[in-house]
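Coordinates in review
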Amino acid sequence: DGGITQSPKYLFRKEGQNVTLSCEQNLNHDAMYWYRQDPGQGLRLIYYSQIVNDFQKGDIAEGYSVSREKKESFPLTVTSAQKNPTAFYLCASSIGASAIAKNIQYFGAGTRLSVL
Amino acid sequence: GESVGLHLPTLSVQEGDNSIINCAYSNSASDYFIWYKQESGKGPQFIIDIRSNMDKRQGQRVTVLLNKTVKHLSLQIAATQPGDSAVYFCAGRRGSNYKLTFGKGTLLTVNP
């Protein structure tokens, strides 16, 4: 069963704590993305990765970190430097980063992060 | 930079009617657009896409229209059903920058 799996579905963070959100895909996609969604808002790009061992900051990268050691995995760490982390986090992947290719991004089910 | 927005934050229709959701974009270099559907508590689902060299594209019960002159696109849903109730997002891509810019979404409510 192919797709994008995000875990956990719900996550609680204590003040000063780092937490890591998992994202795994078995679609053999090269590109992966992390977005943040606040209530009533669109999606804002946090980080993206075009290929293994490479990633770039998106529009709101401050307070977040990522790694891309494997093609299938793109974990997101929400650090203590992120002062307003409560949001719905979405991971996506697409087949490639080429301008020629259609860039349909396929999304996981999301992780809802709350602060205790 | 690119900005993508929608004309109305909410749209309410009767079951069986046609729905039209609108979206405007700012960058004339945008070459590719996608519509997504997001149900409550879930991730967005791909509905339909269109390249800038097309004016219209049809899918199953959905049609996307692109007007490059006024930088506007719309999603038309035929014979709207209760299962169509969701937030609909348009997203645009500008040239070789393959990142997508998302609008804020329109909440579609279908009344039985």
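Residues numbered from 1 in each chain as written. Chains lettered and ligands numbered in written order. Predicted model: local features only at pLDDT ≥ 70, side-chain atom pairs only at ≥ 80, totals over all residues. Heavy atoms only, no water.

Focus: the pairing of strand β1 (residues 4–7) of chain A
Residues and elements named next belong to chain A. Heads up, the condition is: Burial classes follow relative accessibility: with a 1.4 Å probe on protein chains only, a residue under 20% of its type's maximum area counts as buried, one over 50% as exposed, and anything between as partly exposed. Here a strand is any run of E in DSSP of at least two residues, a helix any run of H or I of at least four, and the numbering for each starts at the N terminus. Any two strands with at least two DSSP-identified bridges between them are counted as paired.
Across the two faces of β1 the burial differs, with I4 and Q6 buried and T5 and S7 not buried at all. Examined bridge by bridge, β1 and strand β3 (residues 19–25) share four bridges and lie antiparallel to one another. If you follow Q6 over to β3, its bridge partner there is C23.

What about the sheet that holds strand β8 (residues 76–78) of chain A?
Residue and element names in this part refer to chain A. Put simply, the rule reads: Angles here are taken between N-to-C directions and fall from 0 to 180 degrees, while the axes themselves are lines fitted to C-alpha atoms, restricted in helices to the stretch in contact.
Pairing in this open sheet of four strands is antiparallel, and the strands run β1-β3-β8-β7 from one edge to the other. Each edge of the sheet is formed by a strand with only one pairing partner; in this case those strands are β1 and β7 (64–66). If you compare each strand with its neighbour and ignore which way they point, the axes differ by 20° on average. For β7 and β8, the ladder comprises three bridges, and the chain directions are antiparallel. The residue bridging Y64 from the neighbouring strand is V78, located in β8.

Remarks on the nonpolar core
Rules: By convention a nonpolar core is built from buried Ala, Val, Leu, Ile, Met, Phe, Trp, Tyr and Cys residues, the set being connected through side-chain atoms within 4.5 Å. Whether two residues touch is decided by their heavy atoms; if any such pair falls within 4.5 Å, the residues are in contact.
Counting residues in each nonpolar core, the largest one holds 20 residues, and the members touching the most others are W35, L73, L75, Y88 and L108 of chain B. Those elements giving two or more residues to this core turn out to be β2 (10–14), β3 (19–25), β4 (30–38), β5 (45–51), β7 (62–67), β8 (72–77), β9 (86–94) and β11 (106–111) of chain B. L75 of chain B has contacts with S19, I20, I21, W35, I47, I48, V62, T63 and Y88 of chain B, leaving out every residue within four places of it along the chain. Counting residues in hydrophobic clusters, the runner-up holds 19 residues, among them L76, A87, Y89 and C91 of chain A.

Concerning the packing of aromatic side chains
As a reminder of what qualifies: Stacked, tilted and edge-to-face are the three classes applied to pairs of Phe, Tyr and Trp rings, where Trp contributes its six-membered ring and a pair requires centres within 6.5 Å; stacked means planes under 30 degrees apart, edge-to-face means over 60, and tilted covers the rest. Remark: a charge is flagged as sitting over a ring if the NZ atom of Lys or the CZ atom of Arg is within 6 Å of the ring centre and within 35 degrees of the ring normal.
Counted by the stated rule, this structure contains nine aromatic pairs over all chains. When the centroid spacing of 5.4 Å and the interplanar angle of 80° are considered together, the rings of Y35 of chain A and F102 of chain B count as edge-to-face. In this pair, Y35 of chain A is assigned in strand β4 (residues 31–37) and F102 of chain B in strand β10 (residues 97–102), connecting two distinct chains. For the residue pair Y35 of chain A and F102 of chain B, the accessibility class agrees, reading buried in each case. Centroid distance Y47 of chain A to F55 of chain A: 5.9 Å. Interplanar angle 80°. Geometry classified as edge-to-face. Judged by its relative accessible area of 8%, Y47 of chain A falls in the buried class. An aromatic cluster of at least three residues, connected via ring pairs, comprises Y33, Y35 and F107 of chain A together with Y36 and F102 of chain B. We note R68 of chain A situated over the ring of F74 of chain A; from NZ or CZ to the ring centre the distance is 6.0 Å.

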